[in-house]
Amino acid sequence: MKFNTKTIHGGQQPEKSSGAVIPPVFLSSTYAQSSPGDHKGYSYSRGGNPTRTALEDSFAAIESGTHGFAFSSGLSAIDCVLRLLHPGDEIITGDDLYGGTYRLFTKLFKKYGLIFTFVDISDTESITNAISERTKLVWLETPTNPIMKIADIQAISTAVKERNSSILVAVDNTFATPYLQQPLTLGADIVMHSATKYLGGHSDIIMGALIVKDAQLAEEIHFIQFAAGAIAGPMDSFLALRGIKTLHIRMQRHCENGRDVANFLKNHPKVGRVYYPGFENHPSHEIAKKQMKDFGGVVSFHLKEDTQEATFRFLENTHLFTLAESLGGVESMVNHPATMAHASIPEVERLKIGVTDSLIRLSVGIEDIEDLLQDLEQALNA
C-alpha cells in the first residue's frame, strides 16, 4: 500500500466479533481464560489491549516497521529506549534537543550511570568522531526542536554501523512524521514519536510511540513496556487511530501553510533570522530535500528588536496562534522556548545553540493561510 492508504488501512482489519470497521474501545482491564494460560491473545491490559494493538499495528504500518508500541507519553517512550542500556553506556545525541528529552537525559538517567555526549547532529563527522567503546546509542531529532537542524539519517546510520554494528540509532520523528520521512527505511533501528503532536493531531491526547523492524529488539521493548507499565489507554488509542486516518491530508496543509508563513516572516521588515529547512540557504537544505517529502509546519524565528519585551508583546497579541505548550495540532500555536518547552535547559546551554529569550516557535496549523498571515502581521505591529 502507498502511504495515504496505509494511514487508513495499514495494519487494520474489521473487528472479528462484530465486523466493526473502526476498532472498538475495549475498556476491560482483564480477560477471561478457559484454562490457566489459555486465552484469546489477551490476559491483562498492561500487556496488551485490542484497541491499543490496532493502534500499534497502524504505527508499524505507517513507519514501514514490523512492531509498534503505544506509550502513555513521548517521554515514557524515550524512557523505554534508555532502559535498554546499562550503567556506563554512552549515548551520543544532539546539542539542540526538546527540553523534556534533555531533562530526562541529564536529570534522571545521568544519575543512573548513563553517559551523554552532546554534539552537532547536522555534522555526521561530529557523531562518528564521538563514538567510543562505551557508545551504545545514537539519539537523533531531525528536524530539531526548535532550531530546525537536520541530521542525515542515512549517512549517520551507515557511518555508525560501520564503526560498530551493535550501536543502536534512534530517531525522534515527531516534527517530520512518517508522511515526510521514514527513518527505518534510511537505516535507523528505532523510531520514536510524541504521538501527542501530529499523529494525534487534535491536541486531545498525551501519547508516545516506538516502532522497530528487528524482532529481538521488539521483544526487549515489549518486556520493558509490560514490566514498567507506561502504556497508552484504550480511549487515547482510539483517538490516535482516528487522528492517523487524516495524517496525510493534514500534513499537506501543514506544509503548505508552513512554507507560506516562513516566506512571510523572511520578507517582513520586523523579523530577523528565520529557521526553516525549506529555505535554500538553510545549511542542511539539501539533506532535508533528500530525505523529506516536504519541510513541515514548524517555523522558528527572532524579531529584529531582539528583546524580551518585544518578544512578549508579540506573544501576547496573537489571536489565531494560541500561546501554549505543544505543537502539531490542527490549530496554530506559538511557543516561547526559553520559558516553555526548553525552560529545563540551563541558560548557558540554550544560548550556545541560539535558544535566546527572543526566539519564537510557531506550529502552523491548517487554518486559512490569509487569516494566519493577517494574525502574524497584526501581532508584529502591536
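Note that the structure is predicted; figures quoted are calculated from it, not measured.

Asks: Would you mind going over the overall build of the chain in detail, with residue names and values included?
Replies: Across its full length, the chain carries 14 helices and 12 strands. A compact globule built from 382 residues would reach a C-alpha radius of gyration of about 21 Å, and the chain, at 21 Å, matches this within 12%. For the C-alpha atoms alone, the extent of the chain along its principal axes is close to 75 × 50 × 35 Å. Taken over 382 residues, the chain has a buried fraction of 56%. When the accessible surface of the chain is totalled, it reaches about 16,000 Å², and 52% of it is carbon and sulfur.

Asks: With reference to specific residues and values, describe the packing of helix 3 (residues 74–82) against helix 4 (residues 99–108).
Replies: Geometry of a packed helix pair, given as the angle between the helix axes and the separation of the axes. Running from amino to carboxyl end, helix 3 crosses helix 4 at an angle of 35°, the nearest separation of the two axes being 10 Å. Seen along the crossing, helix 3 lies across helix 4 with a hand that is right-handed. Every residue of helix 4 that contacts helix 3 at Leu-75, Ile-78, Asp-79 and Leu-82 is listed here: Gly-100, Thr-101, Arg-103, Leu-104 and Phe-105. By residue class, the composition of the contact of helix 3 with helix 4 is 5 nonpolar, 2 polar and 2 charged.

Asks: Quick one: what's the story with the packing of aromatic side chains, residue by residue and with numbers?
Replies: The tally for this structure, following the rule as stated, stands at 9 aromatic pairs. Here a set of aromatic residues connected by ring pairs shows up, and it is made of Phe-105, Phe-116 and Trp-139. Just above the ring of Phe-226 sits the side chain of Arg-46; from NZ or CZ to the centre is 4.7 Å. Against the face of Phe-279 rests Lys-266, its NZ or CZ located 4.6 Å from the ring centre.

Asks: Break down the pattern of salt bridges for me, citing the residues and quoting the values.
Replies: Enumeration over the complete set of coordinates arrives at 11 salt bridges. Here Asp-79 ties to Arg-83 by a salt bridge, and the two come within 2.4 Å at their closest N and O atoms. The shortest N-O distance in the salt bridge between Arg-253 and Glu-256 comes to 3.5 Å. Here Arg-253 pairs with Glu-256, and both are found in helix 10 (residues 247–266), just 3 residues apart, close to one helical turn. The exposure class assigned to Glu-256 is partly exposed, which follows from its relative accessible area of 38%. Several salt bridges share partner residues, and in doing so they unite Asp-95, Asp-120 and Lys-149 into one network.

Asks: Which residues make up the pairing of strand 6 (residues 190–194), and what values go with them?
Replies: Along a regular strand, successive side chains alternate from one face of the sheet to the other. The buried fraction of strand 6 amounts to 5 of the 5 residues, a majority that puts the element mostly inside the structure. Both faces of strand 6 are covered, namely the face carrying Ile-190, Met-192 and Ser-194 and the face carrying Val-191 and His-193. Relative to strand 6, strand 5 (residues 168–172) runs parallel, the two being bridged by 3 bridges. From the neighbouring strand, Ala-170 faces strand 6, where its bridge partner is Ile-190. Here 5 bridges tie strand 6 to strand 7 (residues 208–212), and the two strands are oriented antiparallel to one another. Each residue of the ladder has a partner; that of Met-192, found in strand 7, is Leu-210.

Asks: Quick one: what's the story with the sheet that holds strand 12 (residues 359–363), residue by residue and with numbers?
Replies: Paired through their backbone hydrogen bonds, the strands of a sheet run either parallel or antiparallel. Pairing is mixed in the open sheet, where 5 strands are placed in the order 8-9-12-11-10. Because the sheet does not close on itself, it has two edges, and the strands there are strand 8 (271–275) and strand 10 (322–323). Strand direction decides the pairing type here: strand 9 (residues 298–303) and strand 12, joined by 5 bridges, are antiparallel. By the bridge assignment, Val-298 is partnered in strand 12 with Ser-363.

Asks: So what's going on with the environment of Gly-329? Which residues, and what values?
Replies: Here Gly-329 shows up in the loop between strand 10 and strand 11 (333–335). For Gly-329, a relative accessible area of 1% puts it in the buried group. Separated by 133 residues in sequence, Gly-329 and Thr-196 place their C-alpha atoms 8.6 Å apart.

Asks: An account of the sheet that holds strand 2 (residues 90–94) is requested, with residue identities and associated values reported.
Replies: Strand order in the open sheet made by the 7 strands is 1-7-6-5-4-2-3, with mixed pairing throughout. Each end of this open sheet is capped by a strand with a single partner; those strands are strand 1 (67–71) and strand 3 (115–119). Strand after strand, the sheet turns through a mean of 20° between neighbouring axes, direction not considered. One ladder, built from 5 bridges, connects strand 4 (residues 135–141) with strand 5; its direction is parallel.

Asks: Could you give me a rundown of the side chain of Thr-177, with the residues and numbers involved?
Replies: Structurally, the position occupied by Thr-177 is in helix 7 (residues 177–180). Of the residues examined, Thr-177 reaches a relative accessible area of 1% and is grouped as buried. Dropping the residues within four chain positions of it, Thr-177 is found in contact with His-193, Tyr-198, Leu-247 and Met-251.

Criteria and cut-off values
Residues numbered from 1 in each chain as written. Predicted model: local features only at pLDDT ≥ 70, side-chain atom pairs only at ≥ 80, totals over all residues. Heavy atoms only, no water. Helix = DSSP H or I, 4+ residues; strand = E, 2+ residues; numbered from the N terminus. Rg over C-alpha atoms; globule rule 2.2 N^0.38 Å. Buried < 20%, exposed > 50% of the residue type's maximum accessible area, 1.4 Å probe, protein only. Areas by Shrake-Rupley, 256 points an atom, 1.4 Å probe, with all protein chains shown as cover. Axes fitted to C-alpha atoms, helices over the stretch in contact; angles between N-to-C directions. Left-handed = near helix turned anticlockwise from the far one by under 90°. Contact = heavy atoms within 4.5 Å. Nonpolar A, V, L, I, M, F, W, Y, C, P; charged D, E, K, R; others polar. Phe/Tyr/Trp six-rings, centres within 6.5 Å; stacked < 30°, edge-to-face > 60°. Lys NZ or Arg CZ within 6 Å of the ring centre and 35° of its normal. Salt bridge = Lys/Arg side-chain N within 4 Å of Asp/Glu carboxyl O. Pairing = 2+ DSSP bridges.

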